[in-house]
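Secondary and tertiary structure notes
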Amino acid sequence: MNRSANVFTALIRTHHITSRKKLARVKKAAALSDLQVLVRSGGSPGIMYAEGPDEIAVSNWVNDVQALRYKDFQCVQKPAAHSVRVAGHTSEAGFEEVASVAEFGERMAQRGLSNWWKIGSKFHLRVINNASSSSSSSSSARTAIEQT
């Protein structure tokens, strides 16, 4: 059964996350601060989410990650209190990696943070109308994820 908890959360976006050495340091910083961390690694974009009961711990973790000098580091959602759905810890170490932006978004939805995540990530769905100039063809639309 899911329950809600008030925690401090932060969202970081980087150009990419591929270095296993840097990820080990991100994981160690999370463990030292007793935080739950979710990372989208393996390429571009790099995304990191942290949550914990203490705003100072989350802020210190953000600073530790920034010190790793990730390319295009942006703390797009600064540490702030939120009510999130929890069903227990995401992993025993408080650290989880996912391979896709879609999977990261699913994890945010499971925690009840869909709107927060969408605002912070600035990923928007845009319908692009590919209307054909021919009168016999019908116009088609495709949905593309565009980063603004």
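Figured I'd write up the structure that's included with this text. (Residues numbered from 1 in each chain as written. Predicted model: local features only at pLDDT ≥ 70, side-chain atom pairs only at ≥ 80, totals over all residues. Heavy atoms only, no water.)

**What about the overall build of the chain?**
This is how it is decided: Put simply, DSSP H or I for four residues or longer makes a helix, DSSP E for two residues or longer makes a strand, and each gets a number counted from the N terminus. Here a residue-residue contact requires only that any non-hydrogen atoms of the pair lie within 4.5 Å. Surface exposure here means Shrake-Rupley accessible area, sampled with a 1.4 Å probe, where a residue is shielded only by the protein chains that are shown.
The helix and strand inventory of the chain stands at four helices and seven strands. Of the regular secondary structure in the chain, the N- to C-terminal order runs β-α-β-β-α-β-β-α-α-β-β. Within the chain, counting contacts between residues at least 6 apart in sequence, those at least 24 apart form 71% of the total. For the chain, the exposed surface amounts to about 8600 Å²; the carbon and sulfur share of it is 49%.

**Concerning the packing of helix α1 (residues 20-32) against helix α2 (residues 55-67)**
Put simply, the rule reads: Here an angle of 0 to 180 degrees is reported between the N-to-C directions of two axes, which are lines fitted to C-alpha atoms, with helices fitted over the stretch in contact. Just so you know how the angles are binned, under 35 degrees is roughly parallel, over 145 roughly antiparallel, 65 to 115 roughly perpendicular, and the rest oblique. Here is the rule for handedness: rotate from the far helix to the near one, and if that takes an anticlockwise turn smaller than a right angle the crossing is left-handed, while a clockwise turn gives right-handed.
As a packed pair, α1 and α2 sit with axes 10 Å apart at the nearest point and diverge in direction by 165°. The orientation of α1 with respect to α2, classified from their angle, is roughly antiparallel. In terms of crossing hand, the pair formed by α1 and α2 is right-handed. Contact residues: V26, A29 and A30 in α1; W61, D64 and V65 in α2.

**Quick look at the sheet that holds strand β1 (residues 3-14)**
Rules: Any two strands are treated as partners once DSSP identifies two or more bridges connecting them.
Pairing is mixed in the open sheet, where five strands are placed in the order β4-β1-β3-β2-β5. Of all strands in the sheet, those bounded by a partner on one side alone are β4 (74-86) and β5 (95-98). Taking the axes of each pair of neighbouring strands and ignoring which way they run, one obtains an average angle of 20° across the sheet. Where β1 lies against strand β3 (residues 46-52), seven bridges are found, and the strand directions are antiparallel. Paired with A10 across the bridge in β3 is A50. Packing against the sheet, α2 makes contact with β1, β2 (36-40), β3 and β4, and its axis sits at approximately 20° to β1.

Treat this as a map of the structure, not an account of what it does.
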